Amino acid sequence: MSEKQIEAWTLQTAQCSCFISLKGTEQSEFSMVVVKATPDQKQPRLSAMLSVVQEFPENTGRYPVFINDREIKAEVMPLAGTLTVELNGEADWIKLISTAKKLQIGPYYFKSALPEAAMHELIACYKSLSGKIPH
């Protein structure tokens, strides 16, 4: 596994996946993972996640998602007692995050001066993946 810093972002590369993360307020982390399962796969399987150090409390409810102070069509529904939750929605995460100087997920805030460069690196990383070759 290799690791690279792009401004505030950390990009990690493995054989079949690329993982990029950004630290936020209250020891939170926003991350995206792209997976290339097979060599002929054209579109990445992408997940966007929110991780925290302290478990989400009971009755957290829905966390809206804001990019540059505008609410987008995505949300987070954390389960009590968990530390990581996937963001739901029809969002094109790479396109949206590439414009996100400010990202807010519920009470958590993230800032990035170079989101476009980070997403460019994530795409380049995905293109370099070989995917698993079936045996």
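Residues numbered from 1 in each chain as written. Predicted model: local features only at pLDDT ≥ 70, side-chain atom pairs only at ≥ 80, totals over all residues. Heavy atoms only, no water.

A. Just the overall build of the chain, in detail. If you tally the helices and strands in the chain, you get two helices and 11 strands. Mapped in sequence order, the helices and strands of the chain form the string β-β-β-β-β-β-β-β-β-α-β-β-α. In terms of overall size, the chain behaves like a compact globule, its C-alpha atoms giving a radius of gyration of 15 Å where 135 residues would be expected to give roughly 14 Å. Along the first, second and third principal axes, the C-alpha set of the chain runs to 45 × 35 × 25 Å. Per-residue burial over the chain gives 41% buried out of 135 residues. For the chain, restricting intrachain contacts to residue pairs at least 6 apart in sequence, the fraction spanning at least 24 positions comes to 52%. For the chain, the accessible surface area stands at approximately 7,900 Å², while carbon and sulfur atoms represent 53% of it. (Helix = DSSP H or I, 4+ residues; strand = E, 2+ residues; numbered from the N terminus. Rg over C-alpha atoms; globule rule 2.2 N^0.38 Å. Buried < 20%, exposed > 50% of the residue type's maximum accessible area, 1.4 Å probe, protein only. Contact = heavy atoms within 4.5 Å. Areas by Shrake-Rupley, 256 points an atom, 1.4 Å probe, with all protein chains shown as cover.)

B. Representation of the environment of Lys 101 in the model. Checked against the element boundaries, Lys 101 lands in the loop between helix H1 (93-97) and strand E10 (102-105). Along the sequence, Lys 101 and Ile 67 sit 34 residues apart, while their C-alpha atoms lie 7.7 Å from each other. Residues in contact with Lys 101, not counting those within four places in the same chain, are Asn 68, Phe 110, Lys 111, Ser 112, Ala 113 and Pro 115.

C. Representation of the sheet that holds strand E5 (residues 45-51) within the structure. Reading across the sheet, the six strands line up as E1-E2-E3-E4-E5-E8 and stay open at both edges, with antiparallel pairing between neighbours. One side of each edge strand has no neighbouring strand; the edge strands of this open sheet are strand E1 (2-6) and strand E8 (84-86). Here the average twist between neighbouring strands, direction ignored, is 20°. Taken together, the seven bridges between strand E4 (residues 29-35) and E5 define a ladder with antiparallel strand orientation. (Pairing = 2+ DSSP bridges. Axes fitted to C-alpha atoms, helices over the stretch in contact; angles between N-to-C directions.)

D. How the structure looks around the sheet that holds strand E7 (residues 70-76). Strands sit in the order E9-E7-E6-E10-E11 across an open sheet of five strands; the sheet is antiparallel. On the outer flanks of this sheet lie strand E9 (88-89) and strand E11 (108-111), each paired with one strand and no other. Looking at chain direction, strand E6 (residues 63-67) and E10 are connected through three bridges and run antiparallel. Among the inter-strand pairings, Val 65 is bridged to a residue of E10, identified as Ile 105.

E. Expanded view of the pairing of E4. Most of E4 is tucked away: six of the seven residues are buried. Of the strand pairs in this sheet, strand E3 (residues 17-23) and E4 are connected by seven bridges, and their pairing is antiparallel. Across the sheet, residue Ser 21 finds its bridge partner in E4, namely Ser 31. What sits between E3 and E4 in their antiparallel hairpin is a turn of five residues, with Glu 26 showing a positive phi close to 55°.

F. Just the packing of aromatic side chains, in detail. Counted by the stated rule, this structure contains four aromatic pairs. The interplanar angle of 65° and the centroid separation of 6.3 Å between the aromatic rings of Phe 56 and Tyr 63 together place this pair among those described as edge-to-face. Neither Phe 56 nor Tyr 63 differs from the other in exposure class; each is buried. An aromatic cluster of three or more residues is present, and its members are Trp 9, Phe 30 and Phe 110. Taking NZ or CZ as reference, Lys 36 lies 5.5 Å from the ring centre of Tyr 126, over its face. (Phe/Tyr/Trp six-rings, centres within 6.5 Å; stacked < 30°, edge-to-face > 60°. Lys NZ or Arg CZ within 6 Å of the ring centre and 35° of its normal.)

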